[in-house]
Amino acid sequence: MIRTTRENDKVKDVSSLNAKYYDTKNKIVASIGKYYTYSCIFFSIMIITFLTYFIASKGLSTFLKDGVSLFDFLLGTEWKPEHENTPKFGAFAFIFGSFAVTLLSVSLSTPLSVGAAIFMAEISPKSGSRFLQPVIELLVGIPSVVYGFIGLSVIVPFMRNTFGGTGFCLASGTLVLTIMILPTITSVSYDSLKALPGGLKDASYALGATRWQTIYRVLIPTALPSILTGVVLGMARAFGEALAVQMVIGNVQRLPNSIFDSISTLTSILTLEMSNTIAGTTYNNALWSMALILLLMSFIFIFIIRILGKGSKLNER
Amino acid sequence: MNVKVTDKIATIIFYTIAIVITLILVGLLSFILVKGLSGISWGFLTKPPENMKAGGGVGPQIFNSFFLLFLTMLFTVPVGIGGGIYMAEYSKPNIVTNIARLVIEVLSSLPSIVVGLFGLLIFVQKMGMGFSLFSGALALMIFNLPLMVRITEQSLRAVPVEQKEASLAMGISHWKTIVSIMLPIALPGIITGTILTAGRAFGEAAALMFTAGMSSPPLDFTNWNPLSANSPINPFRPAATLAVHIWKVNSEGLTPDAKQIAASASAVLITCVLFFNLLSRLVGKLIYKKFTAA
Amino acid sequence: MVTHNNISFAEKDIAIETRNLNIYYGAKHAIKNLSMQIKKLDITAFIGPSGCGKSTYLRALNRMNDLIPIAKTTGEILFDGQNICDKNIDLAKIRQKIGMVWQKPNPFNKSIYENIVFALKYYGIKQKHVLDEIVEDSLKKVALWDEVKDRLHKSALALSGGQQQRLCIARAIATKPEILLLDEPTSALDPISSAKIEELLFELKKDYTIIIVTHNMQQAGRISSYTAFFLMGDLIEYNETNVIFTNPVIDKTNDYIMGRFG
C-alpha cells in the first residue's frame, strides 16, 4: 500500500514491493508480447516452408517415383493422362499457353498502364487523382470471377462475331488479363514517377525540352527499374490467374495455331482436373508438377523484382 | 517532325489512354449492374439455388461469403498484426529479417490457386478437415496474411518517431510503447487496410474451390447449434461462397436461367466489394478526423 | 578543479559522469573520447554548431541512441554507481531516473491527464487520488495548472506549442527523475513561450539536475551555471558559464561565441 505522507515522497513510496511487482509484471508482459510477434513471423516462414516442401514432394514424385521423364513433361505435347496402356504426360501445350497469355497481355497492358501512370503523374495530376486513381482502385477490387463472367458474356461473343470460331481463345484470355493487370502496373509506375526528385524535371524544362521530351528522355529512363518491377508484378498476376482465364480460353488441350485458337494454361488444367483425380496416381502427381511450376515461377518473379529493386537503389545513390 | 507537334500528339495520346481506361471501368460496372440488377429480388437474395429449374437464389452463398470472411479475419488479423509489429519494430538487420521479408514477398505473389491446392493437400486431406469453412478460412488467411503484415508494418512506420521516443525515454517497455502509444496512432491505416483486405478475400474464388468446396448442404437457418451438420454456423461444413458459385454457374450451370443468375450474383458481389471499398475510405476519413480534431 | 579546458567536481556533487565515451554512427565518429562530469542540482548547457555531437551525447545519457541501429557506443557513463552503457543494465530503471524533453513538443495523442499519468500507471501507481495529486503538482510546477485545470481530460494536442512543451516537461518530472535532459526545448517556440520555459527551468534546478542543449547562446548565458562547447565530436571547452562567455581559454570557443562560425 502507498501512504501519502508528503507530496514529494509519493513516488518514492512506490519504490518498494509494489513497484517490484509491477516491474516484474511489465517485463513479463513485454517479453510475451515480443515473442508473440516472433511466433507470428515464424508461422509465416513455416507456411512457405511447408508449402514449398509439400508441393515439391508431390510435384517431383511424378519424375522420381512414377518415372515420367522431366523432358517429356516439359516439352511433350501429348496429354493423355488416362490412356490405358500408354498414358502421356506432356504439359508443353499448357506451359506454352500460360506463357503466351502472360506475355501477350503484359505487352498490351504495359503501354496503357505506363501511359495512365504518366497521365496521373505528369499530364494532369488533378483529374488523375480525382478520376483515374479511383478508377484504378476500383479495377483492382473487381473479383476475378467477375472478370471471367464479363469476358464470357462480352469478349467471347465479340471474338466469335468478329473473327469466327467459338470465341473461346487465346486472344480473349489476353484481353481479360490485360484489364486485370492494368491496375498493378499503373500503380507501381505511378508511385515510381511520383518519387522522382522534382529537380530532374525542372532541369529538363530549363534546357528547353518539351513535356514529351522530358517524359521519354528523362522521367521514363530514370523510373525504368521501378516501372519494370510493376511489369513483372503484372506478369506474376497474369501467370497465376486461374478462373478468369479458364472461363474464356476454351480449355482445348493442344497447341494453338493462332491467337484465335482455343488453349489451356497450367492454371486452367489445375482448376478443371484436380478434383477429378485420385491422390497418389501419376495423373494427380503430374498436376502437382504443374502447381510446382507455378510456385517456381513466383519465386523467379520475386527474384527478378529483387534484382530490379537493387538496380533502382543503386540509381538513387 | 516539329517537337511541338510531337508534344501535342503525345498529350492527346495520354488523354486518350486515360479516357479509355475510365470507359472500360464504366463499361464493366454498368454492364454488370444493368444485366444483374434486374434479376435481383428479395427471393434471389434469400432462396437457395436450384439444380435444374429456373428461379433459384444465392441466399446461402451470401451467408457463406460473410461467415467465411468473418472466420478468415479472425485468423488473419491477430497473426498479421503480430507479424507487422515484428517487421516494423523488433526486426534487426539480420538474416532472419531478410528471410521474413522474402517470405512475405513470396507469399503475396503466390497464385491463389496454388494456395488453394496447398489448402486441399494440408487442411482438407492431411489434417482431415474436409471441404469446410475452416479449411477455406485457413487458405484465405495464407492468401491475406502478407497484405495484413505489410499494412501493419507501413502504418507503424508512419508513426512519428518522437512519440515512440517520448514513451521509451520514460522507461516504458518497447511492447507497452507499441501497444499503448504507437498502435492507436497507426490504427486508421490498419483499419482501412484491413477492410480492403476483406474486400479482396470476399471476391476470392480459386483458393476456395478446393478448400471450402463448391457446394453447400441444405441450411436450416433456425438451427444455431454449431456442431449440427445443417447449421449455418457449423465451421466444419462445406460452403460455396458467392464468388465460387458464380464460377460454378458459369462453368457447369444447368438451369435455364444460369446466365441471369451469374449476372445477378456478380452484381451482388460487385456491390459488396464496392461497399467494402467505400467503407474503408469512409472509416479512414472518420478516424482521421477524430484523431486530428481538437 | 579546472584543467585548462575541462572542469571537475567533488564526488558528492557529481550527478552523472562520462569517461572516455566514443559514439560512432556507422563510419562517422560522432563523439570522440569524451570525459566530463555534470554537477548535481544545477543547469549545464551544451553548445556548438549543428552536427557537433552535443545532441548525440545528450541522447547517450539515457541510451536513446539504442534506437538507431547503426549507432555504436564505447566507454562509460556512470550514474548511481552503475555504468549505464553496460548491456546488462536495467534500462527501464535508468530511464525512469533520467527524463528527457525534445526540441519538438511531443505530447502523446491522449488527454492532458493521461499524458502525465501514463508512465506512473505503468510503474504501478493506480490510486486515483495519488495520480490526481501528482498531475496537479506537476502541472503547477510548470505553471500550466491554471491554464488547463478545466480541461484535463481533453486532448493534449489541442494545446498551443508552448503549452505542449510545458506539458512535456510536466510529464518528464511527474516520475521524479534525478536528471532532466533537454534537447533544444525552446527552439520550436515563440519568444514568450521560450521565456516562460527558461523561467521554469530556473525554478526546477532546485530539485533536478538539468542538462540543456541549445543553439541559442543568450539562452545558455542566461540560465546555465556551466557550459560545454562541442565541435566536430570533441569537447573543446567546459567551464563555468561566465568564464566560457567572457574569458574562454581556447580560441575556437571564442570564435564560436563571437559568432564567427556556426
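Residues numbered from 1 in each chain as written. Chains lettered and ligands numbered in written order. Predicted model: local features only at pLDDT ≥ 70, side-chain atom pairs only at ≥ 80, totals over all residues. Heavy atoms only, no water.

Comments concerning the overall build of chain B
The helix and strand inventory of chain B stands at 11 helices and zero strands. Going residue by residue from the N terminus, the α and β elements of chain B occur as α-α-α-α-α-α-α-α-α-α-α. Here the C-alpha coordinates of chain B stretch approximately 70 × 70 × 45 Å along the principal axes. Relative to its full complement of 294 residues, chain B shows a buried share of 57%. About 12,200 Å² of surface is accessible on chain B, with carbon and sulfur atoms providing 71% of the total. The averaged location of the 11 negative side-chain charges in chain B is 3 Å from the averaged location of its 20 positive side-chain charges. (Helix = DSSP H or I, 4+ residues; strand = E, 2+ residues; numbered from the N terminus. Buried < 20%, exposed > 50% of the residue type's maximum accessible area, 1.4 Å probe, protein only. Areas by Shrake-Rupley, 256 points an atom, 1.4 Å probe, with all protein chains shown as cover. Lys, Arg positive; Asp, Glu negative; His and termini not counted. Charge placed at Lys NZ, Arg CZ, Asp CG, Glu CD.)

Here's the deal with the overall build of chain C
Scanning chain C for helices and strands turns up 10 helices and 10 strands. Relative to the 2.2 N^0.38 estimate, which gives 18 Å for 262 residues, the radius of gyration of chain C is 18 Å and therefore close to what a compact globule would have. Taking the principal axes of the C-alpha coordinates as reference, chain C spans close to 55 × 45 × 35 Å. Classification of the 262 residues of chain C by burial places 56% in the buried group. When contacts within chain C are restricted to residue pairs at least 6 apart in sequence, those whose partners lie at least 24 apart make up 67%. For chain C, the computed accessible surface area is about 10,900 Å², with 51% contributed by carbon and sulfur atoms. When the 33 positive and 30 negative side-chain charges of chain C are each reduced to one mean point, those points stand 5 Å apart. (Rg over C-alpha atoms; globule rule 2.2 N^0.38 Å. Contact = heavy atoms within 4.5 Å.)

Some thoughts on the interface of chain B and chain A
At the interface, 71 residues of chain B touch 71 residues of chain A. With both sides pooled, the region where chain B packs onto chain A buries about 6,400 Å², and carbon together with sulfur makes up 82% of that total. Scanning the region where chain B abuts chain A turns up two salt bridges. Between B:E105 and A:R306 there is a salt bridge whose closest N-O contact spans 3.2 Å. Viewed at the interface, chain A and chain B are joined by seven residue pairs in polar contact (both at pLDDT 80 or more). Residue classes in the side of chain B that touches chain A are distributed as 52 nonpolar, 12 polar and seven charged. (Buried area = accessible area lost by both parts, 1.4 Å probe. Salt bridge = Lys/Arg side-chain N within 4 Å of Asp/Glu carboxyl O. Polar contact = N/O pair within 3.5 Å; in protein donor to acceptor, adjacent residues only side chain to side chain. Nonpolar A, V, L, I, M, F, W, Y, C, P; charged D, E, K, R; others polar.)

Focus on the packing of helix α3 (residues 112–123) of chain C against helix α6 (residues 161–174) of chain C
Residues and elements named next belong to chain C. Direction vectors running N to C along α3 and α6 enclose 25°, while the axes themselves pass 8 Å from each other. The angle between α3 and α6 places the two elements in the roughly parallel class. Where α3 crosses over α6, the two elements pack in a sense that is right-handed. Contacts between α3 and α6 involve I112, N115, I116 and L120 from the first element and L167, A170, R171 and A174 from the second. Considering only residue class, the contact of α3 with α6 consists of six nonpolar, one polar and one charged. (Axes fitted to C-alpha atoms, helices over the stretch in contact; angles between N-to-C directions. Parallel < 35°, antiparallel > 145°, perpendicular 65-115°, else oblique. Left-handed = near helix turned anticlockwise from the far one by under 90°.)

A look at the environment of A:I215
When you line up the elements, A:I215 lands in helix α9 (residues 211–240). For the pair A:I215 and A:I123, spaced 92 residues apart in sequence, the C-alpha separation works out to 9.8 Å. With residues up to four places along the chain from it excluded, the contact list for A:I215 reads A:I118, A:E122, A:I123, A:I220, A:P221 and B:F14.

A word on a nonpolar patch on the surface
A cluster of nonpolar residues, A:L104, A:F158, A:F163, A:I259 and A:F260, forms a patch on the protein surface that exposes about 440 Å² of accessible area. Structurally, A:F158 can be placed in helix α6 (residues 144–163). (Patch = residues over 30% accessible without salt bridge, like charges linked within 9 Å, V, L, I, M, F, W, Y side chains within 5 Å.)

A closer look at the sheet that holds strand β2 (residues 28–39) of chain C
The strands that make up a sheet pair up through hydrogen bonds in the backbone, lying either parallel or antiparallel. As summarised here, the arrangement of the four strands in space is β2-β1-β4-β5 (chain C), forming an open sheet in which the pairing is antiparallel. Only two strands of the sheet have a single partner each, and these edge strands are β2 and β5 (82–83) of chain C. (Pairing = 2+ DSSP bridges.)

Some points on unusual backbone geometry
Residues and elements named next belong to chain C. Phi angles above zero are rare outside glycine, and N20 is one such case at about 50°. Here N20 is to be found in strand β1 (residues 14–25). Residue class for N20 comes out partly exposed when judged on its relative accessible area of 44%. A positive phi angle is found at E184, which is not glycine, with a value near 45°. As for its position among the elements, E184 is in the loop between β7 (179–183) and α7 (191–204).

Some points on α9(A)
Compared with the 44 Å implied by 1.5 Å per residue over 30 residues, the 37 Å span of α9(A) between its first and last C-alpha is markedly short. At A:L224, α9(A) is bent by approximately 65°, the largest bend along its length, and proline A:P225 sits one to four residues beyond. (Expected span 1.5 Å × (residues − 1). Bend = angle between axes of the 7 residues up to and from the residue.)

With respect to the packing of helix α3 (residues 59–90) of chain B against helix α8 (residues 174–203) of chain B
All names here are of chain B. Where α3 contacts α8, the two axes come as close as 9 Å, and the packing angle between them is 140°. Comparing the axis directions of α3 and α8 gives the class oblique. Remark: the crossing between α3 and α8 carries right-handed chirality. On α8, the residues touching S65, F66, L69, M73, V77, I81, I85, E89 and Y90 of α3 are H174, W175, I178, M182, L183, I190, T194, T197, A198, A201 and F202. For the contact of α3 with α8, the per-class residue count stands at 15 nonpolar, four polar and one charged.

Digging into the packing of aromatic side chains
Residue and element names in this part refer to chain A. Applying the stated rule across the entire model yields 33 aromatic pairs over all chains. Seen in terms of ring centroids, F92 and F96 are 6.1 Å apart; in terms of plane orientation they differ by 35°. Their pairing is tilted. Here F92 and its partner F96 are both found in helix α4 (residues 92–123), four residues apart, which amounts to about one turn of the helix. For F92, a relative accessible area of 24% translates into the label partly exposed. (Phe/Tyr/Trp six-rings, centres within 6.5 Å; stacked < 30°, edge-to-face > 60°.)

With respect to the sheet that holds strand β3 (residues 43–47) of chain C
All names here are of chain C. Strand order in the open sheet formed by six strands is β6-β7-β8-β3-β9-β10, and the pairing between neighbours is mixed. At either margin of the open sheet sits one strand with a lone partner, and together these are β6 (98–101) and β10 (234–240). The sheet shows a mean angle of 15° between the axes of neighbouring strands, direction not considered. The strands touched by α6 within the sheet are β6 and β7, with β6 carrying the most contacts at an inclination of about 170°.

A closer look at the pattern of salt bridges
Inspection of the entire model under this criterion finds 28 salt bridges over all chains. One salt bridge in this structure joins A:K27 and A:D23, with 3.1 Å as the shortest N-O distance. Pair noted here: A:K27 and A:D23 are both in helix α2 (residues 17–64), with a separation of four residues, about one helical turn. We classify A:D23 as buried; its relative accessible area is 19%. When salt bridges that share partners are traced, they join A:D23, A:K27, C:D90 and C:K93 into one network.

Remarks on the side chain of B:T241
Relative to the assigned elements, B:T241 resides in the loop between α9 (206–209) and α10 (242–252). By relative accessible area, which is 2% here, B:T241 ends up buried.

Here's the deal with the pairing of β1(C)
Looking along a regular strand, one sees the side chains alternate between the two faces of the sheet. All names here are of chain C. Here β1 pairs with β2 via eight bridges, running antiparallel. Note on β2: the bridge partner recorded for Y25 is K28. Between the antiparallel neighbours β1 and β2 lie two residues, among them G26 with a positive phi of about 60°. Alignment of β1 against strand β4 (residues 71–79), held across seven bridges, turns out to be antiparallel. Bridged to Y24 within β4 is K72.

Don't take any of this as a statement about function, it's just geometry.
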